[in-house]
Amino acid sequence: MDVTTCLKSMLLAIRQYKNNRSAVNTSQLQKQINDLTGLQCSRLLASGQVLPSECLSGLLEVAIDSKTSQALSSTIVSLLAKLAASDEETREALHSSYNLTGTLASIIHSNRSTPDEPLVVQCLQVLQRFTYSMRVPHCASYLDDLLAFLMQNVKSRNDDIIKPCLGLMANLCRHNLSVQTHIKSQSNVKALYRCLIDFLAHNSLTVVIYALSILSSLTLNEEEGQKLFNAENIHQTFPLIFNITVNGDGSLTRNYAVDLLVDLVKNPKIADYLANYKLLPACLTEVFGLLHSKDSETASKVLELLVSLCSVTGLRKLLCETVFRSFRPRRQPAGRKGGQSRVSEPCVALLQWATGPLHDPERCCLQALHLLTELFEEVIDAGSSSTVHSYLELLLPALVGILQAPDSMEEEQQLRRHCVRVGCVVELLLDIL
């Protein structure tokens, strides 16, 4: 069954269910939702067509209706989670046009007296992933109730509740001054701080990172944060962050670990602690090793971290040394023994992400080009251009290749991506040449 046919059947099932909430109509609607969930639905909302919009609006109405069974609501939430993860355009549409965050928060609020219910846990988990790196304005009508629910339920003894509550709170607090101010104005904020500090001894590294992220957002530049992130404690935090970044406790936890370090080094005192951290060279070597992964999400977060570290005094030089020190010009034709060894070199892995095909994840390419620009600025400022001549012989032809327009670009989006990439390449070339 194709997507259009499935959507037509679903729209009919939604109307029949609204007219008569019989067991037969409920079962039929669930079947149609499951059918669509099983199909490839990327860019479903990007086309601006009426049919997908009507179906989605109808499903959201059904999901928040107090008369809807938890089983049916759960099926709808599963479909929404899949759509949100399918592509960035659909995710943005669900956020800005369909208020998915408000829908899920409404379901949680309606079931707030039973936070351990599977539907509540499911909504929390979907909300956490959906709101990651997406700013939710504090003016949203549902947010105060949602924050109150989170502050209450982080004290739960159920890890299935604790983890998404902490992760979601970390998302809502990060870079959102109004949310931070609201939380700090609550009468139970001291109890929240104590609870979060207790979590730093939790046996789950994921819980520890979530708690540190929230504490960083709420206290970093205040008296509590000065004590929490002092010299002694921060030197225990650095290895924890790098350990999770390199060895992982799941890709989502790695993302939070990277975000935490990116935020921490914006504080001058902590940036200075990091620059003098004795294990940093070894840690950076391991972090660069992650660029050999074929996972674009991992590479994107690693590149984001490395770019942010370039802003720390003294670290850009260390990053340069880590990237270029192992590079040696190839002396054998490819295919002979040892001919593939250079793939393990960080500068080659960086080049591969910077010059990948146009259909590759855009963020990885742009971050890689940005990092190369930072590194070559450091090389030029240090007057050590002669040390990278061999690498330039590999880099320049690849950059020239990016400047050439592809033979065919079927969509406007591809043209936009090509132009953005060309702009970054030109900026890099201006530094090099």
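Up top you'll find the structure we're talking about.
Quick caveat, the model's predicted, so the values are computed rather than measured.

Draft legend 1. Region of interest: the overall build of the chain. Of regular secondary structure, the chain possesses 23 helices and 0 strands. In terms of C-alpha radius of gyration, the chain reaches 25 Å, essentially the compact-globule figure of 22 Å for 433 residues. Dimensions of the chain, computed from C-alpha atoms along their principal axes, come out at roughly 75 × 60 × 40 Å. Evaluated residue by residue, the chain yields a buried proportion of 51% over its 433 residues.

Draft legend 2. Highlighting the packing of aromatic side chains. Scanning the model with the defined rule gives 6 aromatic pairs in all. Ring plane angle 10° and centroid distance 6.4 Å describe the contact between Phe-376 and Tyr-391, whose orientation is recorded as stacked. Of this pair, Phe-376 sits in helix H21 (residues 362-381) while Tyr-391 sits in helix H22 (residues 389-403), and the two are 15 residues apart along the sequence. The pair Phe-376 / Tyr-391 is uniform in exposure class, with both members buried. Among the aromatic residues, those joined into a ring-pair cluster are Tyr-132, Tyr-210 and Tyr-256. The ring of Phe-130 has Arg-91 sitting right over it, with the charged end atom 5.9 Å from the ring centre.

Draft legend 3. Representation of helix H1 (residues 3-19). Taking 1.5 Å of rise per residue, the 17 residues of H1 would be expected to cover 24 Å, and the 24 Å separating its terminal C-alpha atoms lies within 8% of that figure. Three or more residues of H1 are buried, namely Cys-6, Leu-7, Met-10, Leu-11, Ala-13, Ile-14 and Tyr-17. The buried residues of H1 occupy an angular sector of 165° when the element is viewed end-on, so they sit on one face. Facing away from the buried side of H1, by more than 90 degrees, are the exposed residues Lys-8 and Asn-19. The N-cap of H1, judged by a side-chain oxygen 3.1 Å from the amide nitrogen of Thr-4 a few residues on, is Asp-2.

Draft legend 4. Highlighting the side chain of Ser-216. Positionally, Ser-216 belongs in helix H12 (residues 205-219). Looking at Ser-216, the relative accessible area reads 6%, which means it is buried. Not counting residues up to four positions away in its chain, the partners in contact with Ser-216 are Phe-229, Leu-260, Asp-263 and Leu-264.

Draft legend 5. Structural context of the packing of H12 against helix H15 (residues 251-264). H15 packs onto H12 with a crossing angle of 30° between their chain directions and a minimal axis gap of 10 Å. Between H12 and H15, the angle falls in the class roughly parallel. Between H12 and H15 lies a crossing whose hand is left-handed. Residue-level contacts link Thr-206, Ile-209, Tyr-210, Leu-212, Ser-213 and Ser-216 of H12 to Leu-252, Thr-253, Tyr-256, Ala-257, Leu-260, Asp-263 and Leu-264 of H15. The class makeup of the residues in the contact of H12 with H15 is 8 nonpolar, 4 polar and 1 charged.

Draft legend 6. Just the pattern of salt bridges, in detail. In the structure shown here, the tally under the stated rule is 19 salt bridges. Ionic pairing is found between Lys-301 and Asp-259, a salt bridge with its closest N-O pair at 2.7 Å. Of this pair, Lys-301 sits in helix H18 (residues 296-309) while Asp-259 sits in helix H15, and the two are 42 residues apart along the sequence. With respect to class, Lys-301 is no different from Asp-259; both count as buried. Salt-bridge contacts for Glu-377 lead to Arg-316; the nearest nitrogen and oxygen are separated by 3.2 Å. Taken together, the positions of Glu-377 in helix H21 and Arg-316 in helix H19 (residues 315-324) put the pair 61 residues apart, joining distant regions of the chain. Residue classification places Arg-316 among the buried positions, given a relative accessible area of 15%. Overlapping salt bridges, with partners in common, bring together Arg-174, Asp-259, Asp-263, Lys-266, Lys-301, Glu-304 and Arg-363 in one network.

Draft legend 7. Expanded view of a nonpolar patch on the surface. There is a patch of nonpolar side chains on the surface, built from Leu-403, Val-426 and Leu-430 and spanning about 260 Å² of accessible area. Tracing the backbone through its elements, the reader meets Val-426 in helix H23 (residues 412-432). Here Val-426 falls in the partly exposed class, since its relative accessible area comes to 35%.

Draft legend 8. Quick peek at the packing of helix H17 (residues 280-289) against H18. At their nearest, the axes of H17 and H18 sit 10 Å apart, and the two run at 140° to each other. Classed by the angle they form, the pair H17 and H18 counts as oblique. For the pair H17 and H18, the sense of crossing is left-handed. Where H17 abuts H18, its residues Leu-284, Val-287 and Phe-288 lie against Val-302, Leu-305, Leu-306 and Leu-309. Split by residue class, the contact of H17 with H18 holds 7 nonpolar, no polar and no charged.

Draft legend 9. Representation of the nonpolar core in the model. In this structure, Ile-183, Leu-274, Leu-291, Phe-324 and Phe-376 are the most contacted members of the largest nonpolar core, which totals 155 residues. Residues in contact with Phe-324, not counting those within four places in the same chain, are Cys-347, Leu-375, Phe-376, Val-379, Val-388 and Tyr-391.

Draft legend 10. Focus on the environment of Leu-366. Mapped onto the secondary structure, Leu-366 falls in helix H21. For the pair formed by Leu-366 and Leu-280, sequence separation is 86 residues and the distance between their alpha carbons is 25 Å. Among all residues touching Leu-366, those that are not within four sequence positions of it are Val-420, Arg-421 and Cys-424.

Criteria and cut-off values
- In this convention, every chain numbers its residues from 1, walking through the sequence in written order.
- With the structure being a predicted model, the display of local features is reserved for residues of pLDDT at least 70 and the display and counting of side-chain atom pairs for 80 or more, all residues being used for whole-chain, interface and lining totals.
- With hydrogens and water set aside, each side-chain value is computed from the structure's full complement of heavy atoms.
- Secondary structure elements are defined from DSSP: runs of H or I of at least 4 residues count as helices, runs of E of at least 2 residues count as strands, and each element is numbered from the N terminus.
- For the radius of gyration, the atoms used are the C-alpha atoms, and the globule rule reads 2.2 Å times the number of residues raised to 0.38.
- Buried means the residue's accessible area, taken with a 1.4 Å probe over protein chains only, is under 20% of the maximum for its type, while exposed means over 50%, and partly exposed covers the values in between.
- In this analysis, rings of Phe, Tyr and Trp, with Trp reduced to its six-membered ring, are considered paired at centre separations within 6.5 Å, and the interplanar angle assigns stacked below 30 degrees, edge-to-face beyond 60, and tilted for intermediate values.
- Charge-over-ring placement is defined geometrically: NZ (Lys) or CZ (Arg) within 6 Å of the ring centre, and within 35 degrees of the ring normal.
- Multiplying 1.5 Å by the helix residue count minus one yields the expected span of that helix.
- Throughout, the arc means the angular range of directions from the helix axis out to the C-beta atoms.
- Under the rule applied, a polar contact is a pair of N or O atoms within 3.5 Å (in protein, one hydrogen donor and one hydrogen acceptor; residues adjacent in sequence only if both atoms are side-chain atoms).
- Contacts are assigned to residue pairs with any non-hydrogen atoms lying within 4.5 Å of each other.
- Axis angles are defined between N-to-C directions and span 0 to 180 degrees, where every axis is a line fitted to C-alpha atoms and, for a helix, only to the segment in contact.
- Note that the term roughly parallel is reserved for angles under 35 degrees, roughly antiparallel for angles over 145, roughly perpendicular for angles of 65 to 115, and oblique for everything else.
- Should the near helix be turned anticlockwise from the far one by less than a right angle, the crossing is termed left-handed; should it be turned clockwise, right-handed.
- Residue polarity is assigned by list, with Asp, Glu, Lys and Arg as charged and Ala, Val, Leu, Ile, Met, Phe, Trp, Tyr, Cys and Pro as nonpolar; anything else, Gly included, falls into the polar class.
- For this document, the term salt bridge refers to a Lys or Arg side-chain nitrogen within 4 Å of an Asp or Glu carboxyl oxygen.
- Candidate patch residues must exceed 30% relative accessible area and have no salt bridge, after which like charges are joined if within 9 Å and Val, Leu, Ile, Met, Phe, Trp or Tyr side chains if within 5 Å.
- Under the convention used here, a 1.4 Å probe and the Shrake-Rupley method define accessible areas, while residue burial counts only the protein chains that appear.
- Among the buried residues, those of types Ala, Val, Leu, Ile, Met, Phe, Trp, Tyr and Cys that are joined through side-chain atoms within 4.5 Å form a nonpolar core.

Any functional reading would require information that these geometric values do not contain.
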